[in-house]
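Topology and contacts: notes
Okay, here's what each chain looks like letter by letter:
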Amino acid sequence: MSSLAPLTIPLGDNVPPLVLDAPWLLGLAVILPWAVWWLRRQRMVQRTQRLARFAEPQALQRLMPQAAGDRRRTWRLVVAAACIGLAMAGPRWGLASGPVNSRGIDMAIALDASLSMMAPDEKPNRLERMKQEVRRLRAMSQTDRVALIAFAGRSYILTPLTSDDGAIELFLENLDPSVVGQAGSSLAKALRQGTELLLASDGSADRALVLMTDGESFDTTEDVETAAREAGAKGISVVTVGFGTTAGSTIPMRDGSVVKNKVDDEGNVVVTRYSPTLLEQAATAANGTFIPAEASDKASRIRATLRTLRTARRSIDTREDHVPRFLWLLVPALLLLCWDTWRLVTPRRRPARQPVGAPVSALVLLALIPSAFVACGREPDPAALFAEGRVAEAVAAYRALVAQGDSSARTLYNLGSAVLGADSLAEAQALLDAVRKNSEGEVRARARFNAGLAALKQGRVPDNPDADQQLAAARAAYRAFLTERPGYADAKWNYELALRKQPPQSGGGGGGGGGSSQNHEQQQEPQSDGGLDQRQADALLNSAAREEKDVQGRKQRQGRVPPGGKDW
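Since we're looking at a predicted model, the values are computed, not measured.

For the rest of this paragraph, the subject is the overall build of the protein chain. What the protein chain contains, in helices and strands, is 20 helices and 13 strands. Taking all 568 residues of the protein chain together, the buried fraction comes to 43%. About 29,000 Å² of surface is accessible on the protein chain, with carbon and sulfur atoms providing 54% of the total.

Structure (structure tokens):
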């Protein structure tokens, strides 16, 4: 089998092992010790000046041996002050998790993923505004079990009822019109899917179905009202939430690097408008609540509506990031102060000679304290684990970061690349595609390369029924990558492999096989001198672009919804 260009290494992790609750107070770790040292020094100077009127310094040394211990006491107080200053900054490191008992309901959230949700009459668009409200609603109801349903012409269950914020956020980030294959918008199907999902769940808590959409649908009013009435009759609280404006907006469609407005079958530009009437009728039929698009705080209104529902007690696992560690510094400071007080009130014999190592020891302790708790907080770098070949550990580390709420494009890209390294190709492709759609710059380019690699690997699996679809996805990914970086040899190599119509047959290993099979493989092998020249690359790009355009046209014709002819 022809070798593939290697996947790119995950970007380095940027999660700090140590954080401070009040970093502006970190200066107290310097100010307090300096203030203690200065005050002690002033006291010693004044005391020496007063005593100098009665005897010589050498005589005072013999008559008052406690004066020699003042310096050691000063350094003890300086170290204690430094520890207190660091503790006041609120250092945190490490992770802690444990079960939390609380009460919550079961809630299914049906999210409109049709093309009309890409309209920018709500900034940046209706879909992103809807995602923001879901995140806010989830933040207000941590103990509720939530299921996500995506719908357009048909509906899909993205997640079952769960309290896993990481999983919910992962699917929420990946939500766009490409998730649902059938175009159009059917509110009745979403209502029935949510009702079936909630009724299949076990538990004593009340159930709620939240429908978030712009209200455009090819369903009849009677069909939507019937589905809503059935949900209400079965004890499900229905909340419909509107998005968009009645003035409406065009739907931007990206064709390569060009953005065009969507047109209908007659070539007219489509204008999608928020339709509150159908949403209000659905809420009325279910004896539920309708929240219009004009409402400024939709998440709070939804939460207030559901506050009267019966909850059930459940135990959920919570993870606290960066556990407070100020006691690790405060306790040693208090012990030093107690020791100093004990030495002050306890009579001591005069030492044979003054120790000279006390100031040096104190300085060493001051230097070691910060480095000690920083070292304690350092955890293995997931990127380093991946580079060392410990792929499973790297995947687990990245999943932990996502579960903690880190949904940045960099972390999700790293997770997708690590999963790809573990040969979980379908999951890796979904993660990397989501990153590609929601990022820019280097992260987006790397995500596109690795998503293409995941699709290419799946397309080259023998007897894979989805091989053609996966190879088409790989060609699209590498064509877009080469458009931005035409000189990247690895992308050219993988792109040429993806252009082959038939994946190579397995031959029992990397170096085996008979003579005829080996010759056939050599005939199909791309040139190994670094890839294609510019003319060949342009020809490949043009032919693949035409092929991809035909594929997309067939998909659009097949995915068009017959009722009303509206595919948005």
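What follows concerns unusual backbone geometry. The amide bond that connects Lys-123 to the next residue, Pro-124, takes the cis arrangement and shows omega of -5°. For Pro-124, the location among the structural elements is in the loop between β3 (106-112) and α4 (126-140). Its identity is not glycine, yet Asn-287 carries a phi of approximately 55°, on the positive side. Positionally, Asn-287 belongs in the loop between α8 (276-285) and β12 (289-291).

At a minimum axis separation of 7 Å, helix α7 (residues 221-233) and α8 run at an interaxial angle of 35°. Remark: the crossing between α7 and α8 carries right-handed chirality. Here α7 contributes Thr-221, Val-224, Glu-225, Ala-228 and Arg-229 to the contact with α8, which in turn contributes Leu-278, Gln-281, Ala-282 and Ala-285. Split into classes, the residues belonging to the contact of α7 with α8 amount to 5 nonpolar, 2 polar and 2 charged.

Across the 7 residues that make up β3, a large majority, 7, are buried. Alternating residues of β3 divide into Asp-106, Ala-108, Ala-110 and Asp-112 and Met-107, Ile-109 and Leu-111, and every residue in both groups is buried. One ladder, built from 7 bridges, connects β3 with strand β4 (residues 145-151); its direction is parallel. Bridged to Met-107 within β4 is Val-146. With α4 bridging β3 and its parallel neighbour β4, the resulting β-α-β unit is right-handed.

So, about the packing of helix α6 (residues 187-200) against α7. As a packed pair, α6 and α7 sit with axes 8 Å apart at the nearest point and diverge in direction by 15°. With respect to their mutual orientation, α6 and α7 come out roughly parallel. The handedness of the crossing between α6 and α7 comes out as left-handed. For the pair α6 and α7, the contacting residues are Leu-187, Ala-188, Leu-191, Arg-192 and Thr-195 in the first and Asp-223, Val-224, Ala-227, Ala-228, Glu-230 and Ala-231 in the second. Split by residue class, the contact of α6 with α7 holds 7 nonpolar, 1 polar and 3 charged.

So, about the side chain of Asp-214. Residue position: Asp-214 is located in the loop between β6 (207-213) and α7. Given a relative accessible area of 0%, Asp-214 falls into the buried group. Side chain to side chain, Asp-214 and Ser-116 meet in a polar contact 2.6 Å long. In contact with Asp-214, not counting residues within four places along its chain, are Asp-112, Ser-116, Met-117, Arg-126, Phe-243, Thr-272, Arg-273, Tyr-274 and Ser-275.

On to the sheet that holds β3, then. The 6 strands are arranged β5-β4-β3-β6-β7-β12 in an open sheet whose pairing can be described as mixed. Sheet topology places β5 (155-162) and β12 at the edges, where each strand pairs with a single neighbour. Strand-to-strand twist across the sheet, computed as the mean angle between neighbouring axes with direction ignored, equals 15°.

Tallied over the full model, the rule gives 18 salt bridges. A salt bridge links Arg-129 to Glu-133; the nearest nitrogen and oxygen atoms lie 3.7 Å apart. Here Arg-129 pairs with Glu-133, and both are found in helix α4, just 4 residues apart, close to one helical turn. With relative accessibility at 22%, the residue Arg-129 sits in the partly exposed group. Relative accessible area serves as the criterion here: at 3%, Glu-133 is assigned to the buried category. Glu-173 is paired through a salt bridge with Arg-135; the nearest N and O atoms lie 2.7 Å apart. Remark: Arg-135 occurs in helix α4 and Glu-173 occurs in helix α5 (residues 165-173); sequence separation between them is 38 residues. Taking the relative accessible area as the measure of exposure, Arg-135 reaches 27% and is therefore partly exposed.

In this section: a nonpolar patch on the surface. Side chains of Phe-326, Leu-327, Trp-328, Val-331 and Leu-335 sit close together on the surface and give an oily, nonpolar patch of about 500 Å² of accessible area. Examined against the element boundaries, Leu-335 turns out to sit in helix α10 (residues 327-345).

Our next topic: helix α1 (residues 28-51). For α1, built from 24 residues, the straight-helix expectation of 34 Å at 1.5 Å per residue is met to within 8% by its first-to-last C-alpha distance of 34 Å. Taken residue by residue, α1 has Ala-29, Pro-33, Arg-40, Met-44 and Arg-47 as its buried positions.

Of note, Arg-303 is situated in helix α9 (residues 298-306). Excluding anything up to four places from it in sequence, Arg-303 contacts Ile-105, Leu-137, Met-140, Ser-141 and Asp-144.

Right, let's get into helix α15 (residues 425-437). For α15, with 13 residues, the first-to-last C-alpha span of 18 Å sits near the 18 Å given by 1.5 Å per residue. Those residues of α15 that fall on the buried side of the exposure criterion are Leu-425, Ala-428, Gln-429, Leu-431, Leu-432, Ala-434 and Val-435. In this structure, the buried side of α15 is in contact with α5, α14 (409-421), α16 (441-459) and α17 (467-484).

This next bit is on the packing of aromatic side chains. Counted according to the given criterion, the structure contains 3 aromatic pairs. Joined through ring pairs, the aromatic side chains of Phe-449, Tyr-478 and Phe-481 make up one cluster. Stacked on the ring of Trp-339, the Lys or Arg Arg-76 has its end atom at 5.3 Å from the ring centre. Here the basic side chain of Lys-298 rests over the ring of Phe-243, its NZ or CZ set 5.1 Å away from the ring centre.

Further remarks concern the confidence of the model for the protein chain. In the predicted model, the protein chain carries a mean pLDDT of 76, and the fraction of residues at 70 or more is 73%. With pLDDT under 50 throughout, residues 352-358 is counted as low confidence; its partners more than four residues away or in other chains account for 5 contacts. Low pLDDT, under 50, characterises residues 548-562; the predicted model gives this stretch 12 contacts beyond four residues in sequence or across chains.

Of all hydrophobic cores here, the largest spans 40 residues; its most connected members are Leu-415, Leu-420, Leu-456 and Tyr-478. In terms of residue count, the dominant contributor to this core is α16 (9 residues). Ranked by size, the runner-up nonpolar core spans 31 residues in total, among them Val-134, Leu-175, Ala-208 and Ala-299.

About the cut-offs
Residues numbered from 1 in each chain as written. Predicted model: local features only at pLDDT ≥ 70, side-chain atom pairs only at ≥ 80, totals over all residues. Heavy atoms only, no water. Helix = DSSP H or I, 4+ residues; strand = E, 2+ residues; numbered from the N terminus. Buried < 20%, exposed > 50% of the residue type's maximum accessible area, 1.4 Å probe, protein only. Areas by Shrake-Rupley, 256 points an atom, 1.4 Å probe, with all protein chains shown as cover. Axes fitted to C-alpha atoms, helices over the stretch in contact; angles between N-to-C directions. Left-handed = near helix turned anticlockwise from the far one by under 90°. Contact = heavy atoms within 4.5 Å. Nonpolar A, V, L, I, M, F, W, Y, C, P; charged D, E, K, R; others polar. Pairing = 2+ DSSP bridges. Right-handed = clockwise from strand over helix to strand, strands pointing away. Parallel < 35°, antiparallel > 145°, perpendicular 65-115°, else oblique. Polar contact = N/O pair within 3.5 Å; in protein donor to acceptor, adjacent residues only side chain to side chain. Salt bridge = Lys/Arg side-chain N within 4 Å of Asp/Glu carboxyl O. Patch = residues over 30% accessible without salt bridge, like charges linked within 9 Å, V, L, I, M, F, W, Y side chains within 5 Å. Expected span 1.5 Å × (residues − 1). Phe/Tyr/Trp six-rings, centres within 6.5 Å; stacked < 30°, edge-to-face > 60°. Lys NZ or Arg CZ within 6 Å of the ring centre and 35° of its normal. pLDDT = per-residue confidence, 0-100. Core = buried A, V, L, I, M, F, W, Y, C linked by side-chain atoms within 4.5 Å.

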